[in-house]
Amino acid sequence: MGALHEGHAALLRECRRHCDVLVLSIFVNPTQFGPNEDFTRYPRTWDEDLRLAEREGVDVVLAPSAEDMYAAEGISMSVGALANRWEGECRPGHFDGVATIVAKLFNIVRPDVTVFGQKDLQQCQVIDTLIRVFSYPIELVILPTIREADGLALSSRNRYLSAEDRAKAPAIYANLVAIREAIRAGIPLEDALSAARDRLVADGFSVDYLAYVDLPAMNEQSKLVDKGALVVTARRGNTRLLDNLLLESGPNP
């Protein structure tokens, strides 16, 4: 959606590894924002975005208007059960908006490969489902989350953070790592999650959710599974911070 940063640059570099022609879409999508969300103030940094695109060797920048993308009839997609939990529960309609715009962009660009970031893990599962259900001949590549040196996941919304909140924000990822280490030490999953949640609250965060889920369905699990992840969204000030950590069963999860 623009406001590009080094995480987006990493996505572009990964895409270039797979493609001869690199297309970047920039579109602040109104249908994935709720009525009380930050659509109007979402950062729009067009000139900076174009400089990053040029630096990374982008061949085509697709930057449509809302009028280009949405007809007056307002037909949209409905994702279903996957969209009704976690981010979908906190942001009703969000993933329907994501699926609708991504399907439109796929139909316009007709890519061979598309690259998304693991930071938005549930979104990746929605896109994977979209590709499979509608038989798009597209390879989905999920790039591991790009982080600052202190562990904070890169996000366009990080610029909303005050200096104090930015200093505290790395605690989210630190607590995900602490959960993993606690489990390795033999502490039950439920206890590790509860302790991490308490630490975040004590540190001034408002926790929307902190859970362990299976993939790709993202159903909550009470014990480690073959393919799973810790997922969290917590607010610091007025900024909502999203993160996750893959965590699977085995001798050294």
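This text goes with the structure placed above it.
Only a predicted model underlies this, so the values are computations on that prediction, with no experimental measurement involved. (Residues numbered from 1 in each chain as written. Predicted model: local features only at pLDDT ≥ 70, side-chain atom pairs only at ≥ 80, totals over all residues. Heavy atoms only, no water.)

Draft legend 1. Spotlight on the overall build of the protein chain. Summing up its helical and strand segments, the protein chain has 9 helices and 7 strands in all. Taken against the 2.2 N^0.38 rule, which gives 18 Å for 253 residues, the C-alpha radius of gyration of the protein chain at 18 Å falls within 12% of a compact globule. Over its C-alpha atoms, taken along the principal directions, the protein chain stretches across nearly 50 × 40 × 35 Å. Buried positions account for 49% of the 253 residues belonging to the protein chain. Taking the contacts inside the protein chain whose residues are at least 6 apart along the sequence as the reference set, 67% of them involve residues at least 24 apart. Separation between the mean location of the 27 positive side-chain charges and that of the 36 negative ones in the protein chain comes to 2 Å. (Helix = DSSP H or I, 4+ residues; strand = E, 2+ residues; numbered from the N terminus. Rg over C-alpha atoms; globule rule 2.2 N^0.38 Å. Buried < 20%, exposed > 50% of the residue type's maximum accessible area, 1.4 Å probe, protein only. Contact = heavy atoms within 4.5 Å. Lys, Arg positive; Asp, Glu negative; His and termini not counted. Charge placed at Lys NZ, Arg CZ, Asp CG, Glu CD.)

Draft legend 2. Here's a closer look at helix H1 (residues 6-18). Over its 13 residues, H1 extends 19 Å from the first C-alpha to the last, a length consistent with the 18 Å expected when each residue adds 1.5 Å. For H1, every residue scored as buried is listed here: Gly7, His8, Ala9, Ala10, Leu11, Leu12, Glu14 and Cys15. The inward-facing, buried residues of H1 abut strand S1 (23-25), helix H2 (46-55), strand S3 (113-117) and strand S4 (139-143). (Expected span 1.5 Å × (residues − 1).)

Draft legend 3. Seen up close, the pattern of salt bridges. One pass over the structure, following the stated rule, counts 17 salt bridges. Arg17 is the partner of Glu14 in a salt bridge, and the nearest nitrogen-oxygen pair spans 2.7 Å. In this pair, Glu14 and Arg17 both sit in helix H1, 3 residues apart, roughly one turn of the helix. What emerges from the salt-bridge pattern is a single network uniting Glu6, Arg13, Arg55 and Glu56. (Salt bridge = Lys/Arg side-chain N within 4 Å of Asp/Glu carboxyl O.)

Draft legend 4. A look at the packing of helix H8 (residues 171-184) against helix H9 (residues 189-202). Put simply, H8 and H9 touch, their axes get as near as 9 Å, and they point 155 degrees apart. Classed by the angle they form, the pair H8 and H9 counts as roughly antiparallel. Both H8 and H9 take part in a crossing whose hand is right-handed. Here Ala171, Ile172, Asn175, Ala178, Ile179, Ala182 and Ile183 of H8 lie close against H9, whose contacting residues are Leu189, Ala192, Leu193, Ala196, Arg199 and Leu200. Of the residues assigned to the contact of H8 with H9, the class counts are 11 nonpolar, 1 polar and 1 charged. (Axes fitted to C-alpha atoms, helices over the stretch in contact; angles between N-to-C directions. Parallel < 35°, antiparallel > 145°, perpendicular 65-115°, else oblique. Left-handed = near helix turned anticlockwise from the far one by under 90°. Nonpolar A, V, L, I, M, F, W, Y, C, P; charged D, E, K, R; others polar.)

Draft legend 5. Expanded view of the sheet that holds strand S7 (residues 239-246). The strand order S5-S6-S7 describes an open sheet built from 3 strands, whose pairing is antiparallel. A single partner strand is all that each edge strand has here, and the edge strands are strand S5 (206-214) and S7. If you compare each strand with its neighbour and ignore which way they point, the axes differ by 10 degrees on average. Where strand S6 (residues 228-236) meets S7, 8 bridges bridge the pair, whose relative direction is antiparallel. By the bridge assignment for S7, Ala234 is matched with Leu241. Its contacts with the sheet place H8 against S5, S6 and S7, and it is angled at close to 25 degrees to S7. On the sheet, H9 packs against S5 and S6 and is oriented at approximately 160 degrees with respect to S5. (Pairing = 2+ DSSP bridges.)

Draft legend 6. The arrangement of H2 in detail. Residues of H2 that are buried include every one of Asp49, Leu52 and Ala53, and no others. The arc that holds every buried residue of H2, seen down its axis, measures 100 degrees, which confines them to one face. For H2, the exposed residues lying more than 90 degrees away from the buried face are Arg51 and Glu54. Immediately downstream of H2, the backbone of Gly57 shows phi near 75 degrees, a positive value. (Arc of directions from axis to C-beta.)

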